[in-house]
Amino acid sequence: MTAINFAVIGYGGMGSYHVHNIMPNENERIHVVGTYDVSGERQKISSQHNHKIYTSLEEVLLDETIEAVLIATPNDSHKELAIQALQAGKHVVCEKPVAMNVEELDAILKVAKETGQTFMVHQNRRWDPDFLITRELYKNQQIGDLFQIESRVQGANGIPGDWRHELKHGGGMLLDWGVHLLDQLLFLVDSRIEKVSADLSYILGDEVDDGFITYIIFENGVRAIIEVGTTNYTKLPRWYLKGTQGTAIIHDWDLSGEMVIESGKKDIQAPKPIQAGVGLTKTMAPPSEEATETVSLPQAFAEYDPFYKNFYNVVRNQAEPVVKNEEVRKVMVLIEEIFKAVKR
């Protein structure tokens, strides 16, 4: 097994996270040689980890010992960096979002095809345990056929960082967190999208969105609500899933939650009216104790390899990518549709 020698372009938050938290999990397959960053401070920190410090992009691309690069820079730089790296004969891993728009992505993919180099996007949330539980429920129907999926991430800290506040760099939460949740959704639901409606939030006064909500209808009947917020002092559940035989809730990344499912018992007593505010309701009364049971969420595991193990096998053994470029393109198309839906 010959490890792939990597150079990391952009040793900021995500670049350094790859180097110290993800790549070491595949140290027989992935070897980080060095880093290049426009920040001298970041380069100094990198040097403390015995990395080779590249002083320019050209130096990285001319290093014949480097087989692949990781691009972890502001979004507006991805296209040019990826194209230059591919043309220099390097394989490329790119942080999300892959580019500013579909047109930029198509330009990258054209060069990848011409050069024969591997280009993969690090859509890492496909491995999140909460998503894997949702995927298990969707595939194996523990609450029946899922017909409504609500996926949310919410906080109260505003837009993070510096460049993420700026339109020219591809800032905003639709491109930052939305790309994750939409990638999960399209990876989950294999059906054509019929309709998209959306609203973006600008409550913090930035030139980019500080959150959004979108409602997506699929041809197979599945409805999805996707929401990202940075002004939420209390949070709604990470996942709320409605099926034909039950409902599941996953509160947060700690995987707390439960499923309430039909018990299957017969001759069940009809629910009785309850006091609701100043009136009575039978429609909104909870089902009788015999009608449902509360059970734990299922365990779930990815049946596909971790990202860098898969990347290694794509490069060395012509394996099928877990994150396919045509899937990434569909997500970027959907993001553009969401921006258009807001302007209608």
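Residues numbered from 1 in each chain as written. Predicted model: local features only at pLDDT ≥ 70, side-chain atom pairs only at ≥ 80, totals over all residues. Heavy atoms only, no water.

**A look at the overall build of the chain**
- Within the chain, the secondary structure is distributed over 9 helices and 16 strands.
- Counting only C-alpha atoms and orienting by the principal axes, one finds that the chain spans roughly 75 × 50 × 40 Å.
- Buried positions account for 49% of the 344 residues belonging to the chain.
- A separation threshold of at least 6 residues defines the contact pool for the chain, and within that pool the share at least 24 residues apart is 70%.
- For the chain, the computed accessible surface area is about 17,100 Å², with 48% contributed by carbon and sulfur atoms.
- In the chain, 34 side chains carry a positive charge and 49 a negative one; their mean positions are 3 Å apart. (Helix = DSSP H or I, 4+ residues; strand = E, 2+ residues; numbered from the N terminus. Buried < 20%, exposed > 50% of the residue type's maximum accessible area, 1.4 Å probe, protein only. Contact = heavy atoms within 4.5 Å. Areas by Shrake-Rupley, 256 points an atom, 1.4 Å probe, with all protein chains shown as cover. Lys, Arg positive; Asp, Glu negative; His and termini not counted. Charge placed at Lys NZ, Arg CZ, Asp CG, Glu CD.)

**Describing the UniProt feature "domain: Gfo/Idh/MocA-like oxidoreductase N-terminal" (unreviewed entry) in the chain**
- Per the UniProt entry, the sites bearing "domain: Gfo/Idh/MocA-like oxidoreductase N-terminal" (unreviewed entry) are residues 4–122 in this numbering.
- Helix makes up 40% of residues 4–122 and strand 24%. Its end C-alpha atoms lie 17 Å apart. (UniProt positions renumbered as here; feature names shortened; annotations may be inferred.)

**A few points about the pairing of strand E2 (residues 30–36)**
- The buried fraction of E2 is high, at 6 of 7 residues.
- With 6 bridges joining them, strand E1 (residues 4–9) and E2 adopt parallel strand pairing. By the bridge assignment for E2, Phe-6 is matched with Val-32.
- As a crossover connection, the stretch from E1 through helix H1 (residues 13–22) into E2 is right-handed. (Pairing = 2+ DSSP bridges. Right-handed = clockwise from strand over helix to strand, strands pointing away.)

**Details of the nonpolar core**
- Counting residues in hydrophobic clusters, the biggest one holds 97 residues, and the most contacted among them are Phe-6, Val-69, Phe-119, Ile-149, Leu-182, Ile-216 and Tyr-308.
- Among the elements that line this core, the one with the most residues is helix H7 (residues 173–188), at 10 residues.
- Residue assignment places this core across two domains, with domain 1 (4–122 + 305–318) and domain 2 (126–303) each supplying three or more.
- Apart from residues lying up to four places away in sequence, Val-69 is in contact with Phe-6, Ala-7, Ile-9, Val-60, Ala-85, Lys-90, His-91, Val-92 and Val-93. (Core = buried A, V, L, I, M, F, W, Y, C linked by side-chain atoms within 4.5 Å. Domains from an automatic or database assignment.)

**Observations regarding the sheet that holds strand E7 (residues 146–154)**
- The 8 strands lie next to each other as E8-E9-E10-E7-E11-E12-E13-E16, forming an open sheet whose pairing is mixed. Here the strands that pair on one side only, and so sit at the sheet edges, are strand E8 (193–201) and strand E16 (292–295). The mean angle between the axes of side-by-side strands here comes to 10 degrees, regardless of whether they run parallel or antiparallel.
- Of the pairings in the sheet, the one linking E8 to strand E9 (residues 211–218) comprises 8 bridges and is antiparallel in character. Bridge pairing in E9 links Val-196 to Ile-216.
- Running at roughly 5 degrees to strand E11 (residues 239–243), helix H6 (residues 129–140) makes contact with E7, E11, strand E12 (246–250) and strand E13 (257–262) of the sheet.
- This element, helix H9 (residues 325–343), spans E8 and E9 of the sheet and lies at about 65 degrees to E8. (Axes fitted to C-alpha atoms, helices over the stretch in contact; angles between N-to-C directions.)

**Focus on the packing of H7 against H9**
- Look at H7 against H9: their axes get within 9 Å of each other, and the N-to-C directions meet at 120 degrees. In terms of orientation, H7 lies oblique with respect to H9. Read as a crossing pair, H7 and H9 show a hand that is right-handed. Across the interface between the two elements, Leu-174, Leu-175, Val-179, Leu-182, Asp-183, Leu-186 and Phe-187 from H7 touch Glu-327, Lys-330, Val-331, Met-332, Leu-334, Ile-335, Ile-338 and Phe-339 from H9.
- Classifying every residue of the contact of H7 with H9 by side-chain character gives 12 nonpolar, no polar and 3 charged. (Parallel < 35°, antiparallel > 145°, perpendicular 65-115°, else oblique. Left-handed = near helix turned anticlockwise from the far one by under 90°. Nonpolar A, V, L, I, M, F, W, Y, C, P; charged D, E, K, R; others polar.)

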